[in-house]
Amino acid sequence: MKYTLTIQESHYSELKNHLLNEDLNEHVAFVICSRSLVNGVEERLLSREVITLSNEKLIISEPTKVSWDNQYFIEILKKVESKNFSIILVHNHPEGFNQFSEIDDKGEKELFQLAFNRNGYNTIHASLIMLPDGYLIGRVWKTNLSNVQISLIRIIGKRIVLNYPDKTSDYETPEVFNRQQLAFGKALVQDLSKLKISVVGAGATGSATALLLTRLGIGELCLIDKDTVEQSNLNRLHGAKLSDVGKYKVDVLQQYIKEIGIGTKISVVKSWVSDKECIDHLKTSDLIFGCTDDDAGRILLNRFAYFYLTPVIDMGLIIQVKKDMNEIQDLQGRVSYLYPGNDCLITKGNINTQRAYEQDLKRNNPESYKKLKNEAYVIGEGDPSPAVVTFTTQIASISVNELLNRIQGYNPSLLDFPHKQFFFHRYGDGSEIFPGNISNNECRICGQSNYWGRGDMQPFLDMA
Ligand SMILES: [Zn+2]
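Quantities reported herein were computed from a predicted structural model and do not represent experimental measurements.

Peer 1: Lay out the overall build of the protein with the relevant residues and their values.
Peer 2: When you go through the protein residue by residue, the secondary structure sums to twelve helices and 19 strands. Computed over C-alpha atoms, the radius of gyration of the protein comes to 24 Å, within 12% of the 23 Å expected from 2.2 N^0.38 for 464 residues, which places it in the range of a compact globule. Taking the principal axes of the C-alpha coordinates as reference, the protein spans close to 80 × 50 × 40 Å. Each of the 464 residues in the protein was classed as buried or not, and the buried ones make up 52%. Sequence separation of at least 24 residues holds for 67% of the intrachain contacts in the protein that already meet a minimum separation of 6. For the protein, the accessible surface area stands at approximately 21500 Å², while carbon and sulfur atoms represent 47% of it. Positive and negative side-chain charges of the protein, numbering 51 and 57 respectively, have mean locations separated by a distance of 4 Å.

In C-alpha cells form, the structure reads like this:
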C-alpha cells in the first residue's frame, strides 16, 4: 500500500505564501483533504481547502519552533467531521532541516491522537514540512498512530510538479535516455520514471501516444481498450502487423512495448472505461490521455479530472470530405489539457452530449438503442470515418508534448493555453489556441469548485 497526495496548484500557492514568510519563522496551516482509495494499492489524499493560522493565533513562532492553541484545530475537526475528510498539518522549516524533528514527532502524535479520539478512526491524517525552496516532504498518520512516508506529492495545475523522497540531483540517467537528458535535464527523466499514465483508447492516436510515452521513459503505462485489430486499422495502428488482426489492440501494443525492452511497466484492461478494473487503474494514475472517439467515455474522463485532481490530456481529430469530390472540407485536430482551475470539455463544447447518450444506450440498453436507430434518431452512426496516420500521429505527438511542457516548462507562454485547435488544411501553421481563463461559467464541473478534489463518493463522480 502506498500513500500519496495531490495538491491543487492554487492551494499550494496559498500554503507557500503563508508559510514562507519574510520573518523566517515557523508558521502553520492545515489542508482539508478527501481521498481516493484503491485497496491494497494506493491511498491518495486530495486537497479541498487550505486553512491558515494567522500570527495572532500562534503562541510561539520562532525559526525552529511553533505552537498554537488546540481550539483552532478542534474547530477544523468539527468542520470535517460529517464528511470524514482528512486533515494535513503543514509547517515550514525555515532553516531547511529536511526531515521531521523529534519535536514534530511528539507534537503531531498528540495532535492526531486528539483527531482520532474526536472524529473517529475512519480516515487517516497527514503532516507536511515545507522547505525554504517550497519543496514538500510528508508522512501519513495511520489510525494506530504509526506514520508512513508519503511516496509522491503532486502539485497539479498549469504546471505539474512532483515531490518525492528520492528526488536527487545525482540521479543516474539510464543510458537509453541520455540524449533526452541533454535536451531537458536529469530532473525530467527522473520525474517521468515516477509516473503512471493511463491511455484510454488504443487506436490510431492511442497507439501513437503509448509508444511515444514508452520512449520518453514513463515508468508505468496502463492501456485501456476492448477492441480488436481489424485489417482496416493497419493504415494507422502503430505496433500492429497483419498477423495481429483479430487480437486485442492492447495485447498487441503491450507485446510491442515489452519488446522495446526499456523497462516500462505495463498493464492492459480490455473493458469499457466505466468498469471497476478500469476505474481502479485511473485512480492510481498520475495522468490520463483520452484517445477515444467515445463521447460517453469523454464525459467520464472530463469529470474524473476535476473530482480526482488527475490531469487529462484529451485529443481528437476530425476529417470531413465533400461527398464524391475527394475534397477536404475539414481537417481539424484538438488537444485539451483538463485540470481544476480551467474550462472543461463540456464548457468548451467538445463533447456531443446527444452522441454520448446514444453510445451509452447502445452499451447498456441495446434494445432501446435499436429502436431509436430504427426510428432514425441516431446521429453518430454513419460510414466509417476517414483516418490518416500522419495526422493522428501528429495530434498524439502534440498531446505528449503538452505533458512535457507542463512538467518541464520549455515553452512558458504556451502554459496559458490549455485548449488548442489545429486546422491542418489551411495555409500557415494553421493553429489556433485558446486562453484557458474561467469565463465565470455555470458549469457544475469546471465553473465552481465543489467537485474539485471530491475523490471517492457515492455515486461515483456524482453521476446518477
Ligand atoms: Zn465545464
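On we go from here.
Peer 1: Report on the coordination of the zinc ion, specifying residues and quantitative values.
Peer 2: By definition of the ideal shapes, a tetrahedral metal site with four donors has angles of 109.5 degrees and an octahedral site with six donors has angles of 90 or 180 degrees. Protein coordination of the zinc ion is provided by C344 (SG), T347 (OG1), C443 (SG) and C446 (SG), with donor distances spanning 2.1 to 2.3 Å. Donor residues for the zinc ion, ordered by position in the chain, follow C-x2-T-x95-C-x2-C. Of this pair, T347 sits in the loop between β17 (327-338) and α10 (353-364) while C446 sits in the segment after β19 (431-434); the two residues are 99 residues apart in sequence, bridging distant segments of the chain. Look at C446 and you get buried, because its relative accessible area is 0%.

Peer 1: Before we move on, can you summarise the pairing of strand β2 (residues 28-38) with the specific residues and values?
Peer 2: The element β2 is extensively covered by neighbouring structure, given that nine of its eleven residues are classed as buried. The pairing of β2 with strand β6 (residues 86-92) spans six bridges and is classified as antiparallel. Paired with V28 across the bridge in β6 is H91. For β2 and strand β3 (residues 42-52), the ladder comprises ten bridges, and the chain directions are antiparallel. Within β3, the residue paired with A29 across the bridge is T52. The hairpin turn running from β2 into β3, its antiparallel successor, is three residues long, and G40 in that turn takes a positive phi close to 80°.

Peer 1: Quick one: what's the story with the packing of aromatic side chains, residue by residue and with numbers?
Peer 2: To describe a pair of aromatic rings, you give the distance between the ring centres and the angle between the ring planes. Under the defined criterion, the tally for this structure stands at twelve aromatic pairs. Measuring from ring centre to ring centre gives 6.3 Å for F422 and F424, while their planes differ by 10°; the resulting arrangement is stacked. Residue classification places F422 among the buried residues on the basis of a relative accessible area of 11%. Taken together, F30, W68, F73, F112 and W141 form an aromatic cluster joined through their ring pairs. In this structure, R139 packs its charged tip against the face of F100, placed 3.8 Å from the ring centre.

Peer 1: Explain the pattern of salt bridges residue by residue, including any values.
Peer 2: Per the counting criterion, the structure on display carries 25 salt bridges. A salt bridge links R139 to E108; the nearest nitrogen and oxygen atoms lie 2.8 Å apart. Linking R139 in strand β8 (residues 136-141) with E108 in helix α3 (residues 102-119), this pair joins segments that are 31 residues apart in sequence. With respect to class, R139 is no different from E108; both count as buried. One salt bridge connects E402 with K420, and the closest N-O pair in it is separated by 2.6 Å. You can see E402 sitting in helix α12 (residues 389-408) and its partner K420 sitting in strand β18 (residues 419-423), a full 18 residues away along the chain. As far as the burial class goes, E402 and K420 line up, both buried. One network of salt bridges, in which partners are shared, links E42, R44, R154 and D286.

Peer 1: Provide a residue-level description of the packing of helix α9 (residues 295-307) against α10, including the pertinent values.
Peer 2: In contact at an axis separation of 7 Å, α9 and α10 are set at 105° when each is read in the N-to-C sense. With respect to α10, the element α9 is oriented roughly perpendicular. Along its contact with α9, which presents D295, A296 and I299, the element α10 presents T353, R355, A356, Q359, D360 and R363. Each residue belonging to the contact of α9 with α10 can be placed in one class, and the counts come to three nonpolar, two polar and four charged.

Peer 1: Hey, could you go over the nonpolar core for me, with residue numbers and the actual values?
Peer 2: Of all hydrophobic cores here, the largest spans 43 residues; its most connected members are I197, L213, L223, F289 and L403. Among the elements that take part in this core, α12 stands out by supplying seven residues, more than any other. Here this core spans two domains, since at least three of its residues come from each of domain 1 (2-163) and domain 2 (175-314 + 338-400 + 436-457). When residues no more than four places from it in sequence are discounted, the contact partners of L403 are I160, I197, L213, I218, L287, F289 and I313. Of all hydrophobic cores here, the second largest spans 33 residues; its members include L46, C222, F304 and Y451.

Peer 1: I'd love a proper account of the sheet that holds β6, names of residues and values included.
Peer 2: Backbone hydrogen bonds hold the strands of a sheet together, and the pairing may be parallel or antiparallel. Pairing is mixed in the open sheet, where nine strands are placed in the order β9-β8-β7-β6-β2-β3-β1-β10-β11. Here the strands that pair on one side only, and so sit at the sheet edges, are β9 (147-149) and β11 (160-163). Averaged over all neighbouring strand pairs, the angle between strand axes comes to 25°, with direction disregarded. Note that β8 and β9 share three bridges and pair antiparallel. Looking across to β9, one finds that W141 is bridged to N147.

Basis of the calculations
Residues numbered from 1 in each chain as written. Predicted model: local features only at pLDDT ≥ 70, side-chain atom pairs only at ≥ 80, totals over all residues. Heavy atoms only, no water. Helix = DSSP H or I, 4+ residues; strand = E, 2+ residues; numbered from the N terminus. Rg over C-alpha atoms; globule rule 2.2 N^0.38 Å. Buried < 20%, exposed > 50% of the residue type's maximum accessible area, 1.4 Å probe, protein only. Contact = heavy atoms within 4.5 Å. Areas by Shrake-Rupley, 256 points an atom, 1.4 Å probe, with all protein chains shown as cover. Lys, Arg positive; Asp, Glu negative; His and termini not counted. Charge placed at Lys NZ, Arg CZ, Asp CG, Glu CD. Donors = N, O, S within 2.8 Å, 3.2 Å for Na, K, Ca; no water. Pairing = 2+ DSSP bridges. Phe/Tyr/Trp six-rings, centres within 6.5 Å; stacked < 30°, edge-to-face > 60°. Lys NZ or Arg CZ within 6 Å of the ring centre and 35° of its normal. Salt bridge = Lys/Arg side-chain N within 4 Å of Asp/Glu carboxyl O. Axes fitted to C-alpha atoms, helices over the stretch in contact; angles between N-to-C directions. Parallel < 35°, antiparallel > 145°, perpendicular 65-115°, else oblique. Nonpolar A, V, L, I, M, F, W, Y, C, P; charged D, E, K, R; others polar. Core = buried A, V, L, I, M, F, W, Y, C linked by side-chain atoms within 4.5 Å. Domains from an automatic or database assignment.

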